[in-house]
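# Chains, contacts and geometry: an overview
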Amino acid sequence: MPIQALRAGAARIGSGDLGQRIAIKTGDELEALADQFNDMAGRLQESYSTLEQKVESRTQELSESLTQQTATADVLKVISRSTFDLQPVLDALVESAARLCAADHAMVFRRDGEVYRSAANYGFSPEYKEFIERQSIAPGRTTLVGRTALEGRTVHLPDCLADPEYAWHESQKLGGFRTMLGVPLLREGVPIGVIALTRPTPQPFTAKQIELVTTFADQAVIAIENVRLFDEVQARTRELSESLEQQTATSEVLRVISNSLTDTQPVFEAIVQSGLKLFSDAAISIAVPEGEMVKAVAVAEPDAIRAEAWRRRFPFPLTREYMHSVAILDRRVVDIPDVQDAPEGFAVGSRNFLESGYRAVTMMPMMRGDIAIGVLSVVRVAPGPLSEKQRAILKTFADQAVIAIENVRLFDEVRARTRELSESLEQQTATSEVLRVISSSPGDLEPVFQAMLANATRICEAKFGYMCRYEDGAFHIVAQIDVAPAFMGYMESTALRPHPATALGQVRQTKQTVHIVDIAAGPAYLERDPLSVAAVERGGVRTVLAVPMLKENELIGAIIIFRQEVRPFSDKHIELVTSFANQAVIAIENVRLLNELRARTTDLARSVEELRALGEVSRAVNSTIDLQTVLTTIVAKAVQLSSTEAGAIYVFSKMRQEFRLRATHGMDEAMIAAIKDQRIGAGESVIGKAAERREPVQVPDLRDQPLSPVNEIIVRAGYRGLLVVPLLRPNRIVGALVVRRREPGLFAASTVDLLQTFAAQSVLAIQNARLFREIEDKSQQLVIASQHKSQFLANMSHELRTPLNAVLGYTELILDGIYGAAHEKIDAVLKRVHASGKHLLGLINEVLDLSKIEAGQLTLSLSEYSLAEVVQNVANGLESLAAEKRLTLAVKLPDKLPLAHGDERRITQVLLNLVGNAIKFTDSGEVAISAVSADGAFEVVVADTGPGIAAEEQGKIFEEFHQVDNTSTRKKGGTGLGLAIAKRIIELHGGRIWVESKVGVGSQFHLTLPIHVEKQVAA
């Protein structure tokens, strides 16, 4: 059998026999599946062959490396007895020390008498080299070299700026270093020099790195002339170690792949964990595209904090603004030694990347044929490229990840296809047959039911079955297959109203599938229910399965199949019959819908044309707000819609109590002029009658109407039929729509209804046009009034500030004693005058700010500022006010906040308002100011333990002139403008301000503010 051959071949391939091929020539899906197995076996065989070659190559490389190391060790013995030029040795020493210990700078100082001078340096700028070569360093604790020489031991400063004894800040600022390591060159315990290593960021050296520098120092003392050769040996040793680690890592990944044929995640984890051993001070990650995003599926990083910072960078969009996305989309390696210098096209991705704390990145696409299915990346804290060998390792790991993904995909496909073939072939054939019958018998249910029963009984190994409809409380058989004649004769002789314990009875009660394993042992048969007795004794039934046919949870019938032996049906059999029941419901519904469709097709065809025409009219009428255009459009579309030759719109004047012609269509100028001269009063002519009755009026033949000036003009123009539809609003007459045709006779009822609908829409369009015109006039008036108000406030605020500043100035002079000592009572009064004047000046300034904002004249003065200093200055300025009320004023800031760009004065104004309000409204407890930075923005919170703000007031407090306590007896003063101005200032910066408060607990005012504001946001 082909399926057995396929299973046997798959088993051989799964057991590792990749040389065998499955030979099936059936010309269908089995042959295609066998070809897929053969292709997979070929690719796996080729992959394993390549892997064996790589292992052999690695083994040979290891053997060569071991041989080279032995040879190098022998050479070192000879070089240790040789003397070479010292300077190249020292230069190589500092370079190697910096490179091997991941330091950005390195120096060697040699003792010259009682001081130490620079003998070699690496990584520093020319300016720093020139500076350090002019210096002499004496033993002492204020410098790294001096302290190392003084103590004769290794000195490690994780952050020199945090070291209380380090004082050579001129050198630190010019050199740009933070972390420092000093190792003495000791000869018989006496320092003869110092090796110094630095890093630009606080990143302590590891114990292994310190030990390595100490080894360099010892070797420099013993044989400094041999440093160059020693460095080469170290490099070879490192290379050998890396090769061993690489081979071990590769083998480990391959082992995981072989043990994870059904799950890619262990392979991903093994790859990134192995990468940690091969790439120092780096994070290894695997990312894959998912829809329009790129997500990380595995991340490894020794530092948990850095690992979490890197994970937070995902997911991000699959666009070319991001470096991972470019590696996937363009199917190429992306290698950026320093992301701070990344191409401009990566601006968005670079910002996202740099926020993780890393600097360098190399991304290797995971290629499956011509498609990149993911990317393997190595990100490093220190800038710099990967070596070609490291890139090759990355490529190997990426290929291994693809192999794992392919293995799982192929395995899943094979497993799924095998299961589908083994379990669904019969069901698919049966379902297809039923669907074919349904499609070929759209109006006939008998063939559909018979096909369902035939397939259900055959596949489910049932002896016979029948289908019944449920109507009026009884079941009626509509189809049967192989039912015993005696049993069938009984069921056809009576309406089936089954016993509650029977299968059909339970279906009727529960509307759920009923499976009775042995009907002869059931209560219905034991109670001698006629239907159950007939089933057992006439039909030989033992096991029964009844599946309800439900439409919107209403029982419309059931499918029942039987076995003549006690043998339960399987879950898959029940599922298949349930599927047939659902299809039966669909077939029944299709027939019903088909009948309804046939009955309504004619009506729908006619209605569609009318609706389409009405829709076109509505769009045309509502496309303009010009009244004359609206009226002209209405009458033109009405003529077109009613298939008449001419039409007109009359507008009713309530003052004159008459209809005036406003728009026409299809009428010549002479006729229009003649009609315009005629007065049509309310209640006069057909138009007046239609308006009076508030319903359409039509005239089959105008010649039969009494003569009137207007009627005579129309008849003379050749028109016979007339239809008038009044344009009405609930409480008044708007006008009338008139259509005319040259043929006499009544208009069709559908035409009258259609024009009535159109007339109602026309009234709205006419009213809208009028309202829009009025709104435009009012809006213009409001704009002018608002401008005058803002200008008035600005002028008045300016005029008030000038004399008020003079009053404050003279008051301060008197209080300072410029005009002589004032009487004690006068002095107290002047202080109150001065305080009140300052308060009034603040109120005037708020009004002036508001007027500037409303007039669009408030301009931000953008410059660099420190938010930490702003917060501290605000706290210092309001500390005395808090102290007067015995409140705690707390400032909660992180160690470092980034420098920002914005309007420092306006931000200070906002914080002074928020903190001042908090102090003013808080009678006990604490007022706290906190600030953090995240995702390119500051979040500042001003919290208090005051009375809180009710929920219904929280949405209003940022409105102009709004105060929570608006009573005349309120205890806290103010204009109600401070929060409104603060909100506008923050919004001009592109930020947001809101409040969270609970009555009796306190309030928290939050504001978010972009760290870098490049331009003012439009108001």
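Heads up: these notes are all about the structure in this document. Not measured: the values here are computed from a predicted model.

## A closer look at the sheet that holds strand β4 (residues 179-187)
Spatially, five strands are ordered β2-β1-β5-β4-β3 in an open sheet, and the strand pairing comes out antiparallel. Pairing within the sheet leaves two strands with one partner each, and these edge strands are β2 (115-122) and β3 (155-157). On average, adjacent strands in this sheet sit at an angle of 20 degrees to one another, irrespective of strand direction. Pairing of strand β1 (residues 105-112) with β2 involves seven bridges; the strand directions are antiparallel.

## Let's talk about the pattern of salt bridges
Close approach of charged atoms lets side chains of opposite charge pair. One pass over the full model with this rule turns up 27 salt bridges. With its nearest N and O atoms 3.0 Å apart, the salt bridge here joins Asp-163 to Arg-147. Taken together, the positions of Asp-163 in the loop between β3 and α6 (169-175) and Arg-147 in helix α5 (residues 144-151) put the pair 16 residues apart, joining distant regions of the chain. A relative accessible area of 17% means that Asp-163 is categorised as buried.

## Regarding the sheet that holds strand β12 (residues 464-471)
Strand order across the open sheet formed by five strands is β13-β12-β16-β15-β14, with antiparallel pairing between neighbours. Of all strands in the sheet, those with a lone pairing partner are β13 (474-481) and β14 (514-516), marking the two edges. When strand polarity is set aside, the average angle formed by the axes of neighbouring strands in this sheet is 20 degrees. Across three bridges, the pairing between β14 and strand β15 (residues 543-551) is antiparallel. Note that in β15 the partner of His-515 across the bridge is Leu-545. Each of β12, β13 and β16 (554-563) is contacted by helix α14 (residues 446-459), which is oriented at about 70 degrees to β13, the strand it contacts most.

## What to know about the environment of Gly-916
Looking at where Gly-916 falls in the secondary structure, it is placed in helix α27 (residues 904-921). Residue Gly-916 is classed as buried on the basis of its relative accessible area, which comes to 15%. Linking Gly-916 and Val-927, residues 11 residues apart in sequence, is a C-alpha distance of 9.7 Å. The residues touching Gly-916, leaving out its near neighbours within four places in the chain, are Leu-878 and Leu-911.

## Here's the deal with helix α4 (residues 126-133)
For α4, the set of buried residues is Tyr-128, Phe-131 and Ile-132. Angularly, the buried residues of α4 cover 90 degrees about the axis, an arc narrow enough to put them on a single face. Among the exposed residues of α4, those pointing more than 90 degrees away from its buried face are Pro-126, Glu-130 and Glu-133. Elements in contact with the buried residues of α4: β1, β2 and α6.

## Quick word on the nonpolar core
Across soluble globular proteins, nonpolar side chains show a tendency to be buried alongside one another. Formed by 43 residues in total, the largest nonpolar core has its most connected members in Tyr-865, Leu-867, Leu-914, Val-915, Phe-938, Phe-1005 and Leu-1007. Secondary structure elements with two or more residues in this core: α26 (867-884), α27, β26 (926-934), β27 (937-944), α29 (978-988), β28 (992-998) and β29 (1002-1010). When neighbours within four sequence positions are excluded, Leu-1007 is seen to be in contact with Val-910, Leu-911, Leu-914, Phe-938, Glu-939, Val-940, Ile-986, Arg-992 and Ile-993.

## With respect to the pairing of β12
Along β12, six of the eight residues are buried, which leaves the element largely enclosed by surrounding structure. Sheet topology note: the β12/β16 ladder contains six bridges and is antiparallel. Pairing of Gly-465 across the sheet is with Ile-561, part of β16. Here seven bridges tie β12 to β13, and the two strands are oriented antiparallel to one another. Bridging across to β13, Met-467 finds its partner in Ala-479. A loop of two residues connects β12 with β13, the two strands running antiparallel in sequence, and Asp-472 in this loop sits at a positive phi of about 55 degrees.

## A word on helix α20 (residues 627-642)
An ideal rise of 1.5 Å per residue puts 22 Å on 16 residues; α20 measures up with 22 Å between its terminal C-alpha atoms. All of the buried residues in α20 are Leu-627, Val-630, Leu-631, Thr-633, Ile-634, Val-635, Ala-638, Val-639, Leu-641 and Ser-642.

## Comments concerning the pairing of strand β11 (residues 371-380)
Here β11 lies mainly inside the structure; nine of its 10 residues are buried. The pairing of strand β6 (residues 282-290) with β11 spans six bridges and is classified as antiparallel. What sits directly across from Ile-286, in β11, is Leu-376. Of the pairings in the sheet, the one linking strand β10 (residues 360-368) to β11 comprises nine bridges and is antiparallel in character. When the sheet's bridge partners are listed, Pro-365 is paired in β11 with Val-375.

About the cut-offs
Sequence order sets the numbering: in each chain, residues are counted from 1 along the sequence as written. Confidence filtering applies because this is a predicted model: local features only for residues at pLDDT of at least 70, side-chain atom pairs given and counted only at 80 or more, and all residues used for totals across whole chains, interfaces and linings. Note that the side-chain values use all heavy atoms of the structure and ignore hydrogens as well as water. Paired strands, in this sense, are two strands between which DSSP finds at least two bridges. Strands here are runs of E lasting at least two residues and helices are runs of H or I lasting at least four, both read from the DSSP assignment and numbered beginning at the N terminus. The axes used here are C-alpha line fits, helices contributing only the stretch in contact, and every angle between their N-to-C directions lies in the interval 0 to 180 degrees. Salt bridges are identified by distance alone: a Lys or Arg side-chain nitrogen within 4 Å of an Asp or Glu carboxyl oxygen. Burial classification: accessible surface area is computed with a 1.4 Å probe over protein chains only, and a residue below 20% of its type maximum counts as buried, one above 50% as exposed, and the rest as partly exposed. In this analysis, two residues are considered to be in contact whenever any of their non-hydrogen atoms come within 4.5 Å of each other. The directions from the helix axis to the C-beta atoms are what the arc is built from. We define the nonpolar core as a collection of buried residues of types Ala, Val, Leu, Ile, Met, Phe, Trp, Tyr and Cys that are connected through side-chain atoms lying within 4.5 Å of one another. Multiplying 1.5 Å by the helix residue count minus one yields the expected span of that helix.

What is shown is where atoms sit, not what they do.
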